[in-house]
Amino acid sequence: MKNRPRIYLDYSATTPIAQPVLNAMLPFFKDEFGNPSSIHIFGQKAEGALENARNTIASFLNCRSDELIFTSGGTESDNLALRGVALARRKNFGANHILISPVEHHAVSKTAQQLAKIFGFELELLEVDSYGLVSPENLRQKIRHDTALVSIIYANNEIGSINPIPECAKICREFSVPFHSDAVQATAYLPLNVNILNVDLLSIGAHKFYGPKGIGALYVKQHTPILPMQTGGGQEWGIRSGTPNIPYIVGLAEAIKFVENYQNEWIEHLQRLRDELISYVLENIPDSQLTGHPTLRLPNHASFVFDGVDSQKLLMLLDLEGFACSSGSACKTGNPLPSDVLLAMGYSPKLALSSLRVTLGKDTTQEQIERFLTSLEKIIAKIRS
Amino acid sequence: MRKKGTVVIAMSGGVDSSVCAALLVKQGYSVIGMMLKLWSENGHEAENRCCTPDSQRLAKNVAAQLDIPFYIIDAKNDFYDAVVTPFMQDYLAGITPNPCLRCNRNIRWGLLLENAQQIGADFFATGHYAILRHNKAQSVRLFRARDDTKDQSYVLHVLNQRDLEKTLFPIGNYLKSEVRQLAIDFKLPVAVRRDSQDLCFLGGGDYRDFLRRNTQEPFIPGKIIDQHGNVLGEHQGLPFYTIGQRKNLGINSTKPHYVIKKDVLTNSLIVGDKETTLKKEFFVNGVNWINGLPKHSHLRVGVKVRYRAPILNGTIQIYAENQVRVFLDEPYYDITPGQAAVFYQKECCLGGGLITENADSRSEG
Ligand SMILES: Cc1ncc(COP(=O)(O)O)c(C=O)c1O
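Residues numbered from 1 in each chain as written. Chains lettered and ligands numbered in written order. Predicted model: local features only at pLDDT ≥ 70, side-chain atom pairs only at ≥ 80, totals over all residues. Heavy atoms only, no water.

1. Quick notes on the overall build of chain A
Part 1 of the argument: In terms of regular secondary structure, chain A is built from 13 helices and 12 strands.
Part 2 of the argument: Its C-alpha atoms give chain A a radius of gyration of 21 Å, near enough to 21 Å, the size a compact globule of 385 residues would have.
Part 3 of the argument: Overall, the C-alpha framework of chain A stretches about 65 × 55 × 35 Å when taken along its three principal axes.
Part 4 of the argument: Residue burial in chain A is summarised as follows: out of 385 residues, 57% are buried. (Helix = DSSP H or I, 4+ residues; strand = E, 2+ residues; numbered from the N terminus. Rg over C-alpha atoms; globule rule 2.2 N^0.38 Å. Buried < 20%, exposed > 50% of the residue type's maximum accessible area, 1.4 Å probe, protein only.)

This is the structure in structure tokens:
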């Protein structure tokens, strides 16, 4: 099975590292290997790189550099935001209510569930419409003065829908409730100015935008109550102890620069391909539905359900033809459970198990999409026959 | 490398199927690994014998090392319906099932073979110890493996020509010791796993506990009687006993008693001494003939009445296309309804079916 053609259409899962990002990282593995806490020249060089990276990201988010905490990625950022803020808000204010959307990534939803089950918080879910979008009105109905934290995903990984973050933030602000948003999927394509978004906490992770895996950051607005989840030497203002991973932090910052430079180009290129893909599928493949919002969605993201098609089988057949896609849900080990996100949007469990997510990236070409569509149409017909 | 065609190998993470995959790659096939995810009882997933997360990891590692695509096929619901449910029903009906037969029939050469065909595979391979020979008349014959102690033709007797046509058994001509050596030579990352006869979904546990947990039926105690009708004790419910069982009968007696029959109609357990467990004649229903119905109605054959039983000499009389009466030359003990009787001529497996209670039981038609 060597030399199989391989066409990657799963950029929401992860992306390849960009060459300038890799180049920027390399010196910090070996030549500039110092610990930023050290007094000597090695430490100073490392600290310089660390603060440089922090400044780059802070200017991208339009925040102060001391409002950024480096983490091991999107998952840790989400965990720190939820657990850290919920526990601090309970300690300081006795707040005991957590409000999240039903379409969160597991990094948020499982953390919230643990806070409920083990730590006794009252967890409540917002409602979503059939596009998977929350509404500010619904948030206003459910938010309370004893709400410890609200968390709403910015752009959804499974269905690509984009939530009205500034509108939700405004309501949280009125109630003085900290507001977190998972922007892991949004970073490459959507406005990330935290003043406009008006959030208190924002999670990002580098490998979704051509940076390395295992590195991310959490924006924490000044004066937001938060408890450290990892204690030790007091790095990152004591909120996240541990010697910072300098080469990866440099990679994260370089990837942010890469986004700043090329974002507009990508959006234009990908949105056109995505729309072509979506309209071809809906017109040519019977019993297909787009999941998520038709326009309020990530420019690189297309997701569907195909009635009567087992998505595990579809993915396998696509893979054997060289097309790497996903079902969209986090599950992978031949243990398919219907996605919570699709169920929350009102899909039946059976239809939810027929999902396909196709996510494009900067190297995706028109020709790849055409070849993909030809194969997809054939494979679905075959599965249904 | 395309010349040989594409083959799907059913992988388990064990040494046998891993060596199969390596052999097929070496022989120049285009190889795709698939692993079945079978049903496990809630909370007992890690004990399942064939598809624990651990064996998944092993199989994945092997596939990665061989650089072949690898997929996990979810068969939980299918397995439950086709194997677990009948397993429980059989016990409740007083017979002792062999779920591996249903699994081979409905899951491996059912769901998995279907998946293989759907992706356009030319062949389907498993790590069973058995040999296939294609003769001139275009039909495939099933033979006992070269390694007599590992032969698995017994559990393969349920297959038909359509199944076997596409099937490969790459290690049928190897001894287990040679397969182990091949695994070392190929540097395959397989764990040394104890060969086990336990059912995968019992995970080493007792089937009685499994039945208690998983069936709604009440288990009704009844009488234990000997062949003359003397009451010797009380049983806890017929499903908890198997033919030939001697231990834990709860009979106060100096001489050993063996279960010889479970009478569902009167809910009694019939026991006798060692001699009474011996049987020379029995019926076999639902017979599958791998190469079609034999021409003669009487045949001299070798008969295997359990996976681990020796091959016994005897004569079979064919009553109907799928019903056979067996006459053993010498009586044999513990002939158990629900187990398969499989027929051989020399090394060739003709087919087989399920042992039924008595000579008076009617054909299934
Ligand atoms: C929306 C969202 N949040 C969080 C994560 C977790 O990121 P990571 O696995 O890199 O920690 C992901 C990645 O799949 C994601 O899509």
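2. Let's talk about the site of the ligand
Residue and element names in this part refer to chain A.
Part 1 of the argument: Neighbouring residues of the ligand: Gly74, Thr75, Asp78, His105, Ile153, Asn157, Asp182, Val184, Gln185, His207 and Lys208.
Part 2 of the argument: In this structure, an oxygen atom belonging to the ligand sits 3.4 Å away from a main-chain N or O atom of Gly74.
Part 3 of the argument: A distance of 2.6 Å is found between a nitrogen atom of the ligand and a side-chain nitrogen or oxygen belonging to Asp182.
Part 4 of the argument: Burial of the ligand by the protein amounts to 82% of the accessible area it has alone, namely 390 Å². (Near = heavy atom within 4 Å. Polar contact = N/O pair within 3.5 Å; in protein donor to acceptor, adjacent residues only side chain to side chain. Areas by Shrake-Rupley, 256 points an atom, 1.4 Å probe, with all protein chains shown as cover.)

3. Observations regarding the domain arrangement of chain A
All names here are of chain A.
Part 1 of the argument: As far as domains go, chain A holds domain 1 (7-16 + 262-384) and domain 2 (19-258).
Part 2 of the argument: Inter-centroid distance (C-alpha atoms) of domain 1 to domain 2 is 27 Å.
Part 3 of the argument: Domain 1 puts 35 residues into the contact, and the matching count from domain 2 is 30 residues.
Part 4 of the argument: Summing the contributions of domain 1 and of domain 2, the shared interface buries around 2700 Å²; its carbon and sulfur component is 57%.
Part 5 of the argument: Inspection of the region where domain 1 meets domain 2 yields 0 salt bridges.
Part 6 of the argument: Along the contact surface separating domain 1 from domain 2 lie 19 residue pairs in polar contact (both at pLDDT 80 or more).
Part 7 of the argument: The leading source of residues in the side of domain 1 that touches domain 2 is helix α9 (residues 246-284), at 5 residues.
Part 8 of the argument: A breakdown of the residues in the side of domain 1 that touches domain 2 according to their chemical character gives 17 nonpolar, 14 polar and 4 charged. (Domains from an automatic or database assignment. Contact = heavy atoms within 4.5 Å. Buried area = accessible area lost by both parts, 1.4 Å probe. Salt bridge = Lys/Arg side-chain N within 4 Å of Asp/Glu carboxyl O. Nonpolar A, V, L, I, M, F, W, Y, C, P; charged D, E, K, R; others polar.)

4. What to know about the pattern of salt bridges
Part 1 of the argument: For the structure on display, the rule yields 30 salt bridges over all chains.
Part 2 of the argument: Between Lys142 of chain A and Glu124 of chain A there is a salt bridge, with the nearest N and O atoms lying 4.0 Å from each other. Here Lys142 of chain A, found in helix α6 (residues 136-142), pairs with Glu124 of chain A, found in strand β4 (residues 122-125); they are 18 residues apart in sequence, far enough to count as distant.
Part 3 of the argument: In this structure, Arg173 of chain A engages Asp200 of chain A in a salt bridge whose closest nitrogen and oxygen atoms are separated by 2.8 Å. Remark: Asp200 of chain A occurs in the loop between α8 (194-197) and β7 (201-205) and Arg173 of chain A occurs in helix α7 (residues 165-174); sequence separation between them is 27 residues.
Part 4 of the argument: The class for Arg173 of chain A is partly exposed, based on a relative accessible area of 33%.
Part 5 of the argument: Connected through salt bridges with shared partners, the residues Arg144, Asp148, Asp151 and Glu347 of chain B form a single ionic network.

5. Here we look at the sheet that holds strand β8 (residues 216-220) of chain A
All names here are of chain A.
Part 1 of the argument: Judged by pairing direction, the sheet is mixed, and its 7 strands sit side by side in the order β2-β8-β7-β6-β5-β3-β4 without closing on themselves. Single-partner strands in this sheet number two, and they are β2 (68-71) and β4. The average undirected angle you get between the axes of adjacent strands in this sheet is 20°.
Part 2 of the argument: Looking at chain direction, β7 and β8 are connected through 5 bridges and run antiparallel. Note that in β8 the partner of Leu201 across the bridge is Val220. (Pairing = 2+ DSSP bridges. Axes fitted to C-alpha atoms, helices over the stretch in contact; angles between N-to-C directions.)

6. Considerations on the sheet that holds strand β9 (residues 231-235) of chain B
Hydrogen bonds between backbone atoms are what pair the strands of a sheet, whose relative direction is either parallel or antiparallel.
Residues and elements named next belong to chain B.
Part 1 of the argument: Ordered by their spatial adjacency, 4 strands build an open sheet running β9-β8-β11-β10, and the pairing between neighbours is mixed. On the outer flanks of this sheet lie β9 and β10 (258-263), each paired with one strand and no other. Taking each pair of neighbouring strands and ignoring which way they run, the sheet shows an average axis angle of 30°.
Part 2 of the argument: Looking at chain direction, strand β8 (residues 222-226) and strand β11 (residues 268-272) are connected through 3 bridges and run parallel. Bridge assignment links Asp226 to a residue of β11, and that residue is Val271.

7. Looking at the packing of aromatic side chains
All names here are of chain B.
Part 1 of the argument: Under the counting rule described, the total for this entry stands at 29 aromatic pairs over all chains.
Part 2 of the argument: Note on Tyr154 and Tyr307: the rings are 6.0 Å apart at their centroids and 40° apart in plane angle, and the pair reads as tilted. With a gap of 153 residues between them, Tyr154 in helix α5 (residues 153-156) and Tyr307 in the loop between β13 (298-304) and β14 (312-320) connect regions that are remote in the sequence.
Part 3 of the argument: Centroid distance Phe219 to Phe240: 4.5 Å. Interplanar angle 45°. Geometry classified as tilted. One end of the pair, Phe219, is in the loop between α8 (207-214) and β8; the other, Phe240, is in the loop between β9 and β10, and 21 residues separate them in sequence.
Part 4 of the argument: Among the aromatic side chains, those forming a connected cluster through ring pairs are Trp39, Phe79, Tyr80, Phe87, Tyr91, Phe201, Tyr207 and Phe210.
Part 5 of the argument: Cation over ring: Arg212 sits above Phe240, and NZ or CZ is 4.3 Å from the ring centre.
Part 6 of the argument: The ring of Tyr333 carries the charged tip of Lys274 above its face, separated from the ring centre by 4.5 Å. (Phe/Tyr/Trp six-rings, centres within 6.5 Å; stacked < 30°, edge-to-face > 60°. Lys NZ or Arg CZ within 6 Å of the ring centre and 35° of its normal.)

8. A short note on a nonpolar patch on the surface
Part 1 of the argument: Residues Phe33, Ile41 and Phe42 of chain A make up a contiguous nonpolar surface patch of about 320 Å² in total accessible area.
Part 2 of the argument: When you line up the elements, Phe33 of chain A lands in the loop between α2 (27-30) and α3 (41-61). (Patch = residues over 30% accessible without salt bridge, like charges linked within 9 Å, V, L, I, M, F, W, Y side chains within 5 Å.)

9. A word on the domain arrangement of chain B
Residues and elements named next belong to chain B.
Part 1 of the argument: Segmentation of chain B into domains returns domain 1 (6-202), domain 2 (218-276) and domain 3 (278-356).
Part 2 of the argument: Between the C-alpha centres of domain 1 and domain 3 the distance comes to 25 Å.
Part 3 of the argument: On the side of domain 3, 24 residues touch domain 1, which itself brings 25 residues to the contact.
Part 4 of the argument: Here domain 1 packs against domain 3, burying approximately 1900 Å² in sum over the two surfaces, 53% of which is carbon and sulfur.
Part 5 of the argument: Contact with domain 3 buries area across many residues of domain 1, yet Arg144, Tyr154 and His157 alone supply 38% of it, more than any other trio.
Part 6 of the argument: Here domain 1 and domain 3 share 1 salt bridge between them.
Part 7 of the argument: One salt bridge in this structure joins Glu347 and Arg144, with 4.0 Å as the shortest N-O distance.
Part 8 of the argument: Summed over the shared surface of domain 1 and domain 3, the result is 14 residue pairs in polar contact (both at pLDDT 80 or more).

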